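Structure at a glance
One-letter residues, chain by chain:
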Amino acid sequence: MGKLTVRALRAVLVVVLAGTVFVQAGMVWALATDPEDGSLPLTPLRVITILGMMSAQVALVCVWRLVTMVQRGTVFSHTAFRYVDVMIGAIVAAALVWFAVTALNAPGQRADPGVTVIMGGVGVAILGVALMVLVLRMLLAQAVARDVEAAQMQAELDEVI
């Protein structure tokens, strides 16, 4: 991975992380100061938003750590699995949070249930992202196994020579 690519990715990660922290702070402030008003239950939605942002932040930190491992050339190791597994868990948590938002929003959509169906579809798509990362984890596992196998073959070759 090139230096420009790493810097660009890290810049995006920093901006998204700062944005989520800003939104979280606003939600916590709203929980502490605003009285509940309106037709939607705002307190549960605010809590869910905070939890959703936390899951995104966990995934961002894992991506940051994996990019660092790529830079150092250590991504094909068993340490990388920890970050990938945590990222999969964070994505699944984000999907569950989205399904909670969908459930809270559903009673208000009785006149137009299509919105609830679309929101449910978005939740399924988020779970699809978790499945894609799981497939990438399997590819990482194969690469790590090949790397170990190559190291063993190199050691055997060194002994013969």
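The structure contained in this document is the topic of the report that follows.

Let us now look at the overall build of the protein chain. Scanning the protein chain from N- to C-terminus turns up 4 helices and 0 strands. Taken from the N to the C terminus, the helices and strands of the protein chain come in the order α-α-α-α. For a compact globule of 161 residues, the expected C-alpha radius of gyration is about 15 Å, and the protein chain comes in at 21 Å, more than 25% above that figure. Projected onto the principal axes, the alpha-carbon positions of the protein chain cover approximately 80 × 30 × 25 Å. Counting over 161 residues, the protein chain shows a buried share of 25%. For the protein chain, contacts bridging at least 24 residues in sequence account for 70% of all contacts bridging at least 6. As displayed, the protein chain offers around 10300 Å² of accessible surface, 72% of which is attributable to carbon and sulfur atoms. One way to put it: in the protein chain the 10 positive side-chain charges average out to a point 7 Å from where the 10 negative ones average out.

Before going further, it helps to spend a moment on the packing of aromatic side chains. Here the distance between the centres and the angle between the planes together describe a pair of aromatic rings. For the structure on display, the rule yields 0 aromatic pairs. Note that R82 overlies the ring of Y83, its terminal NZ or CZ placed 5.1 Å from the centroid.

Turning next to a nonpolar patch on the surface. Side chains of L31, V47, L51 and M54 sit close together on the surface and give an oily, nonpolar patch of about 310 Å² of accessible area. Tracing the backbone through its elements, the reader meets L31 in helix 1 (residues 3-33). Residue L31 is classed as partly exposed on the basis of its relative accessible area, which comes to 33%.

You can see T68 is positioned in helix 2 (residues 42-72). Through-space distance from the C-alpha of T68 to that of R10 is 9.9 Å; in sequence the pair is 58 residues apart. One polar contact links T68 to R10, side chain to side chain, over a distance of 2.6 Å.

Two elements in contact, helix 3 (residues 79-105) and helix 4 (residues 114-160), have axes separated by 9 Å at closest approach and are oriented at 175°. Taken together, the axes of helix 3 and helix 4 lie roughly antiparallel to each other. Residue classes in the contact of helix 3 with helix 4 are distributed as 24 nonpolar, 5 polar and 2 charged.

Moving on, we get to the nonpolar core. Taken as a class, soluble globular proteins show a tendency for nonpolar side chains to be buried jointly. Ranked by size, the top nonpolar core spans 17 residues in total, and within it L66, M69, A80, V84, M87 and L140 carry the most contacts. Elements that contribute at least two residues to this core include exactly helix 2, helix 3 and helix 4. Among the elements that take part in this core, helix 3 stands out by supplying 8 residues, more than any other. If we ignore the near neighbours within four places in the chain, the residues touching A80 are L66, M69, V75 and L140.

The next subject is helix 2. An ideal rise of 1.5 Å per residue puts 45 Å on 31 residues; helix 2 measures up with 45 Å between its terminal C-alpha atoms. Where helix 2 ends, the next residue or the one after it, G73, has phi of about 75°, a positive value.

The topology assignment puts D112 in the loop between helix 3 and helix 4. The class of D112 is partly exposed, set by a relative accessible area of 42%.

It is worth spelling out the side chain of T102 at this point. In this fold, T102 is placed in helix 3. Beyond its immediate chain neighbours, meaning those up to four positions away, T102 contacts T116, M119 and G120.

What counts, and at which threshold
Residues numbered from 1 in each chain as written. Predicted model: local features only at pLDDT ≥ 70, side-chain atom pairs only at ≥ 80, totals over all residues. Heavy atoms only, no water. Helix = DSSP H or I, 4+ residues; strand = E, 2+ residues; numbered from the N terminus. Rg over C-alpha atoms; globule rule 2.2 N^0.38 Å. Buried < 20%, exposed > 50% of the residue type's maximum accessible area, 1.4 Å probe, protein only. Contact = heavy atoms within 4.5 Å. Areas by Shrake-Rupley, 256 points an atom, 1.4 Å probe, with all protein chains shown as cover. Lys, Arg positive; Asp, Glu negative; His and termini not counted. Charge placed at Lys NZ, Arg CZ, Asp CG, Glu CD. Phe/Tyr/Trp six-rings, centres within 6.5 Å; stacked < 30°, edge-to-face > 60°. Lys NZ or Arg CZ within 6 Å of the ring centre and 35° of its normal. Patch = residues over 30% accessible without salt bridge, like charges linked within 9 Å, V, L, I, M, F, W, Y side chains within 5 Å. Salt bridge = Lys/Arg side-chain N within 4 Å of Asp/Glu carboxyl O. Polar contact = N/O pair within 3.5 Å; in protein donor to acceptor, adjacent residues only side chain to side chain. Axes fitted to C-alpha atoms, helices over the stretch in contact; angles between N-to-C directions. Parallel < 35°, antiparallel > 145°, perpendicular 65-115°, else oblique. Nonpolar A, V, L, I, M, F, W, Y, C, P; charged D, E, K, R; others polar. Core = buried A, V, L, I, M, F, W, Y, C linked by side-chain atoms within 4.5 Å. Expected span 1.5 Å × (residues − 1).

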